Amino acid sequence: MQLGLVGLGRMGFNMRERLRAAGHEVVGYDRNPDVSDAASLAEMVEKLAGPRIVWIMVPHGDPTRQTVEELSGLLSAGDLVIEGGNSKFTDDQANAALLAENGIKYVDVGVSGGVWGAKNGYGLMAGGDAEDVERALPIFDALRPEGPRDEGFAHSGPVGAGHYAKMVHNGIEYGLMQAYAEGFELLAASDVVTDVPATIKAWSKGTVVRSWLLDLLVRALDEDPELSELRGYVQDSGEGRWTIEEAINNAVPAPVMTAALYARFASRQEDSPAMKAVSALRNQFGGHAVQKSEG
């Protein structure tokens, strides 16, 4: 098949390579001319034969909305736009409605696999009409891991379902990473275990906590056994927050994912105002010792 791909960053670039390796023709556009196959979005569209398929892989929010708006004026009725970034699921209805004004179809796809996807394949969760998803199946099959389709691809539901599924996926990811991180810290703090990297590596096969995330932690510890080259500062890109919002909206208890998100917030505080208040209160009611700030 032929495909236009907008956004050739860490994910999009590797996706283009995997699609080409599977025999598909990909015309990519990126603001970086060193990786782009076209000088503009309009030129990319011109190089595609109708009915066209264009996959968007740009940052969520305004960059995605602006790209969808521009494509709405460049594409024709019967063309298909696939939005594969980490957009909030509520944006998908607006994107689909805008494109529908010109008869352009829309599918949202949650994509998981990170920088390793080029080699291992990507987990894909699609939202949209069945006929639109079916039309793009050769592309999805090229991107997903080898093996049974249902182990790497799902048509999760109507427009918005793909990004909703990816949002929950990332909320789970937050919790899993936090559990591994707390285990690492406890092992390192104890004087009982003397080889922390070797201990964690021994969990890689046969144990109930083995996973790809654990394999990545082992890899990181091989490179830096005490993780001394890193700051304990962790950003979040939005999906964790949206997951907790949806848990609240649906009255679903999600204490693990919520705690993992709050741990990321705590990582950004060099001196917690909340813990200052706790220290002050302990001093006030019990005369407990406090530590004065420097300066």
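You'll find the structure just up there.
Residues numbered from 1 in each chain as written. Predicted model: local features only at pLDDT ≥ 70, side-chain atom pairs only at ≥ 80, totals over all residues. Heavy atoms only, no water.

1. With respect to the nonpolar core
- Ranked by internal contacts, the top residues of the largest apolar core, which has 26 residues, are Trp55, Ile82, Val109, Leu124, Phe140 and Leu143.
- For this core, the elements supplying multiple residues, two or more each, are strand S1 (2–6), helix H1 (10–21), strand S3 (53–56), strand S4 (80–83), strand S5 (105–112), strand S6 (123–127) and helix H7 (137–143).
- Ranked by residue count, the leading element in this core is H7, at five residues.
- Setting aside its immediate chain neighbours within four residues, isoleucine 82 contacts Ile53, Val54, Trp55, Ile56, Val107, Val109, Ala136 and Phe140. (Core = buried A, V, L, I, M, F, W, Y, C linked by side-chain atoms within 4.5 Å. Buried < 20%, exposed > 50% of the residue type's maximum accessible area, 1.4 Å probe, protein only. Helix = DSSP H or I, 4+ residues; strand = E, 2+ residues; numbered from the N terminus. Contact = heavy atoms within 4.5 Å.)

2. Focus on helix H13 (residues 273–286)
- When the terminal C-alpha atoms of H13 are compared, their 20 Å separation across 14 residues agrees well with the 20 Å that a helix rising 1.5 Å per residue should span.
- Capping the start of H13, serine 272 holds a side-chain oxygen 3.3 Å from the backbone nitrogen of alanine 274, two or three residues further along.
- At the C-terminal side of H13, glycine 287 shows a positive phi close to 70 degrees. (Expected span 1.5 Å × (residues − 1). Polar contact = N/O pair within 3.5 Å; in protein donor to acceptor, adjacent residues only side chain to side chain.)

3. Notes on the pattern of salt bridges
- Taken as a whole and assessed by the stated rule, the structure comprises 14 salt bridges.
- Its salt-bridge partner being arginine 16, residue aspartate 37 comes within 3.0 Å of it at the nearest N-O pair. In this pair, aspartate 37 sits in the loop between strand S2 (25–29) and helix H2 (41–46) while arginine 16 sits in helix H1, placing the two residues 21 residues apart along the sequence.
- Given a relative accessible area of 27%, aspartate 37 falls into the partly exposed group. (Salt bridge = Lys/Arg side-chain N within 4 Å of Asp/Glu carboxyl O.)

4. Description of the sheet that holds S1
- What the seven strands build is an open sheet, ordered S2-S1-S3-S4-S5-S6-S7; its pairing is mixed. Edge positions in the open sheet fall to S2 and strand S7 (153–157), since each of these has one partner strand only. The mean inter-strand angle of the sheet, taken between neighbouring strand axes irrespective of direction, is 25 degrees.
- Bridging between S6 and S7 involves four bridges; their strand directions are parallel. Across the sheet, residue glycine 127 finds its bridge partner in S7, namely glycine 157. (Pairing = 2+ DSSP bridges. Axes fitted to C-alpha atoms, helices over the stretch in contact; angles between N-to-C directions.)

5. Quick look at the packing of helix H8 (residues 161–189) against helix H11 (residues 239–249)
- One way to put it is that H8 packs onto H11 with a least axis distance of 8 Å and a crossing angle of 105 degrees. Taken as axis vectors, H8 and H11 run roughly perpendicular relative to one another. Residue-level inspection shows Tyr164, Met167, Val168, Asn170, Gly171 and Tyr174 of H8 in contact with H11, the latter providing Glu239, Gly240, Trp242, Thr243 and Glu246.
- Its residues placed into classes, the contact of H8 with H11 shows five nonpolar, four polar and two charged. (Parallel < 35°, antiparallel > 145°, perpendicular 65-115°, else oblique. Nonpolar A, V, L, I, M, F, W, Y, C, P; charged D, E, K, R; others polar.)

6. Observations regarding the packing of H8 against helix H12 (residues 255–267)
- Relative orientation of the contacting elements H8 and H12 amounts to 70 degrees, with a least axis distance of 8 Å. Looking at the two axes, H8 sits roughly perpendicular to H12. Counted together, Gly171, Ile172, Tyr174, Gly175, Met177 and Gln178 of H8 and Val256, Met257, Ala260, Leu261, Ala263 and Arg264 of H12 form the full contact between these two elements.
- Of the residues contributing to the contact of H8 with H12, the split by class is eight nonpolar, three polar and one charged.

7. Points about the pairing of S5
- The buried fraction of S5 is high, at seven of eight residues.
- Note: S4 against S5, four bridges, orientation parallel. Across the sheet, valine 81 pairs through a bridge with tyrosine 106, a residue of S5.

8. A short note on the environment of alanine 251
- In this fold, alanine 251 is placed in the loop between H11 and H12.
- Distance from alanine 251 to serine 36, taken between C-alpha atoms, is 45 Å for residues 215 residues apart in sequence.

9. Topic: the environment of leucine 143
- With respect to the element layout, leucine 143 can be found in helix H7.
- The buried category is assigned to leucine 143, whose relative accessible area is 0%.
- For the pair leucine 143 and arginine 16, spaced 127 residues apart in sequence, the C-alpha to C-alpha distance is 9.4 Å.
- Discounting chain neighbours no more than four positions away, the residues touching leucine 143 are Met15, Arg18, Leu19, Trp55, Gly121, Tyr122 and Leu124.

10. Some points on H11
- Within H11, the full set of buried residues consists of Glu239, Gly240, Trp242, Thr243, Ile244, Glu246 and Ala247.
- On its buried face, H11 is in contact with helix H4 (89–100), H8 and H12.
- Alanine 251 lies just past H11 and shows a positive phi near 55 degrees.

11. Remarks on the packing of aromatic side chains
- A full pass over the atoms with the stated rule returns four aromatic pairs.
- On the basis of an interplanar angle of 75 degrees and a centroid distance of 5.9 Å, the ring pair of tryptophan 55 and phenylalanine 140 is categorised as edge-to-face. Taken together, the residues span a long stretch of sequence, with tryptophan 55 in strand S3 and phenylalanine 140 in helix H7 at a distance of 85 residues.
- Stacked on the ring of tyrosine 174, the Lys or Arg arginine 264 has its end atom at 3.6 Å from the ring centre. (Phe/Tyr/Trp six-rings, centres within 6.5 Å; stacked < 30°, edge-to-face > 60°. Lys NZ or Arg CZ within 6 Å of the ring centre and 35° of its normal.)

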